[in-house]
Amino acid sequence: MKLRQITSILEELAPLAYAEDFDNVGLLLGNSNQEVTGILVCHDALESVIDEAIRKKCNLVVCFHPILFSGLKKITGKNYVERSIIKAIKNEIAIFAIHTALDNHQEGVNKIFCNHLGLINTKILIPKKDFIYKLVTFTVTENAEKLRNALFDAGAGKIGNYENCSFSSNGIGTYKGNESSNPVIGLKNEFVEAAEIKIEVTFEKHYEKSVLKALFENHIYEEVAYEIYKLENKHQNIGLGMIGEFNRSLDEIEFLNFIKKTMQADGIRHSVLLKKPIKKVAVLGGSGSFAINEAIKAGADTFITADLKYHQFYEAENHLLLVDIGHFESERYTKNYIVDFLRKKILNFAIILSEENTNPVKYL
């Protein structure tokens, strides 16, 4: 398979548009036309992982964390990032990163986290903002159905568990074409009043190009009147973190021991015990201190994340139990999920789970 075919499948798993603006996701290194001999899936594309890819004859490394995060002005091998990139280039190994594109996915990092904890009734903790747009256009009755269906096929009209969503209203449109015009209804230099239908559909912002293409190709007017708005609505199925519930309440110590065992955490840090049962659980894989208040507002009994600083433990304010299980540990099962997804999509092809433990944090 060509690399571009595989990256398309990876974007089905985690659309790049879902990623945070600060992130660096997608194809970081490689020629999209190269033939792929095998895929190695890892957490971090370190030099040892590139060595593993060479041994296992994989020329595509799919990593969760992007090895290239900020710009490089020189590549001299002076640090772990540059050494990995040099070795990958030398051995013609492509690198593709997923990171927050999968963090924000409804079935991604935090859903994987919830599934391993056995949480039910899960939903996004921080729904994504500035992601929903609305298209408004106007056409005649005989064009309305064709145009609506084309917009749906282009990705518009999806709201939560529903698709083909739109709103139409009737009205009167007016226009007067000049000498260069070629109106569908009426004549040049003639003032026209025509019965029209106003069509409104919403779409996720990364579909804008395809939605506009469908609009122009399926509208019968010479000049297409349309408007696009960015909505204030939050996308309830895309966003960071997740909240769910246990089937039964757990004592705090029972809960902490369960987390330690389930997430294979060698060390857990937590805020003061509140002597309250734990049932409603918020999670955010990776560095999640920014979501403490969101977890409190959501009524969580506990918030499990990583990379909490000393003073951030005070922010629990006796509202919930803050639990830091470690960055790698909170994302531990992500690469397994990626491998499972790829193996279902690509048959008779080497897709290998990396055996390298790239967790840089060690415990005594």
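Preceding this section is the structure that the text describes.
In this text the structure is predicted, and so the values were computed from the model without any measurement. Each chain has its residues counted from 1, running along the sequence as written. Owing to the predicted nature of the model, reporting of local features is limited to residues with pLDDT of at least 70; listing and counting of side-chain atom pairs is limited to 80 or more, with chain, interface and lining totals taken over all residues. By convention in this description, side-chain values take in all heavy atoms of the structure and omit both hydrogens and water.

Asker: Summarise the packing of aromatic side chains; cite the residues concerned and give the values.
Answerer: For Phe, Tyr and Trp, rings pair up if their centres lie within 6.5 Å, where Trp contributes its six-membered ring, and each pair is then called stacked (planes under 30 degrees apart), edge-to-face (over 60) or tilted (otherwise). Taken as a whole and assessed by the stated rule, the structure comprises seven aromatic pairs. For the ring pair Phe22 and Phe69, a centre distance of 6.3 Å and an interplane angle of 50° mean the geometry is tilted. Placement of the pair is Phe22 in the loop between helix 1 (3–13) and strand 1 (26–29) and Phe69 in the loop between strand 3 (60–65) and helix 3 (80–90), with a sequence separation of 47 residues. The buried label goes to any residue with under 20% of its type's maximum accessible area, the exposed label to any with over 50%, and the partly exposed label to all in between, with areas taken from a 1.4 Å probe on protein chains only. The class for Phe22 is exposed, based on a relative accessible area of 54%. Ring geometry for Tyr310 versus Tyr314: centroids 5.8 Å apart, planes at 90°, classification edge-to-face. Judged by its relative accessible area of 54%, Tyr314 falls in the exposed class. Counting every residue linked through ring pairs, the aromatic cluster contains Phe246, Phe255 and Phe258. Strands here mean DSSP runs of E at least two residues long; helices mean DSSP runs of H or I at least four residues long; both are numbered from the N terminus.

Asker: If you had to explain the state of the cysteines to someone new, which residues and values would you point to?
Answerer: The criterion for a disulfide is a pair of cysteine sulfur atoms lying within 2.5 Å. Going through the model one piece at a time under the given rule, you end up with zero disulfides. Cys42 supplies the cysteine sulfur nearest to Cys58, a cysteine that is in no disulfide, at a spacing of 11 Å. For Cys58, a relative accessible area of 3% gives the class buried.

Asker: Can you tell me about the sheet that holds strand 8 (residues 191–204), naming the residues and giving the values?
Answerer: Read from one edge of the open sheet, four strands run 7-8-6-9, paired in antiparallel fashion. Either end of the sheet is taken by a strand with one partner, and the two such strands are strand 7 (167–176) and strand 9 (226–230). Adjacent strand axes in the sheet meet at a mean angle of 25° when their direction is disregarded. At least two DSSP bridges between two strands are needed for those strands to be called paired. The pairing of strand 7 with strand 8 spans ten bridges and is antiparallel. Looking at strand 8, one finds that Asn170 is bridged to Ile197. We call two residues in contact when some of their heavy atoms are within 4.5 Å. Simply put, an axis is a line fit to the C-alpha atoms, just over the touching stretch for a helix, and the angle between two N-to-C directions goes from 0 to 180 degrees. Helix 6 (residues 141–153) contacts strand 6 (132–139), strand 7 and strand 8 of the sheet and is inclined by roughly 15° relative to strand 8. Packed on one face of the sheet, helix 7 (residues 208–218) meets strand 6, strand 8 and strand 9 and runs near 165° to strand 9.

Asker: Any chance you could break down the packing of helix 6 against helix 7 for me, citing the residues and the numbers?
Answerer: For the pair helix 6 and helix 7, the least separation of the axes is 9 Å and the interaxial angle reads 155°. By the criterion of interaxial angle, the relationship of helix 6 to helix 7 is roughly antiparallel. You can see that helix 6 and helix 7 cross each other, and the crossing is right-handed. The segment helix 6 lies against helix 7, with Asn143, Lys146, Leu147, Ala150 and Leu151 engaging Val211, Ala214, Leu215 and Asn218. For the contact of helix 6 with helix 7, the residue count by class is six nonpolar, two polar and one charged. Orientation categories follow fixed angle ranges, with anything under 35 degrees roughly parallel, anything over 145 roughly antiparallel, 65 to 115 roughly perpendicular, and all other angles oblique. Handedness of a crossing is defined here by the sense of rotation of the near helix relative to the far one, left-handed for an anticlockwise turn of less than a right angle and right-handed for a clockwise turn. Classification used: nonpolar for Ala, Val, Leu, Ile, Met, Phe, Trp, Tyr, Cys and Pro, charged for Asp, Glu, Lys and Arg, polar for all others including Gly.

Asker: Any chance you could break down the pattern of salt bridges for me, citing the residues and the numbers?
Answerer: Between Lys or Arg on one side and Asp or Glu on the other, a salt bridge is scored when a side-chain nitrogen of the former is within 4 Å of a carboxyl oxygen of the latter. In the structure shown here, the tally under the stated rule is 13 salt bridges. Note that Glu47 and Lys87 form a salt bridge whose closest N and O atoms lie 3.3 Å from each other. Taken as a pair, Glu47 in helix 2 (residues 47–55) and Lys87 in helix 3 lie far apart in primary sequence, 40 residues in all. Owing to a relative accessible area of 28%, Glu47 belongs among the partly exposed residues under this scheme.

Asker: Help me get a handle on the sheet that holds strand 4 (residues 94–97), residues and values and all.
Answerer: Strands pair in a sheet through their backbones, by hydrogen bonds, and they do so in one of two ways: parallel or antiparallel. Read across the sheet, five strands follow the order 1-4-3-2-15 without closing on themselves; strand pairing throughout is mixed. Both edges of this open sheet fall to strand 1 and strand 15 (351–353), since each of them pairs with a single strand only. When the angles between neighbouring strand axes are averaged without regard to direction, this sheet yields 30°. Where strand 1 and strand 4 come together, three bridges link them in antiparallel fashion. Its bridge partner being in strand 4, Leu29 is matched across the sheet by Ile95. Lying over the sheet, helix 2 contacts strand 2 (39–44), strand 3, strand 4 and strand 15, oriented at roughly 165° with respect to strand 2. Running over the sheet, helix 11 (residues 334–345) touches strand 2, strand 3 and strand 15 and is turned about 165° from strand 15.

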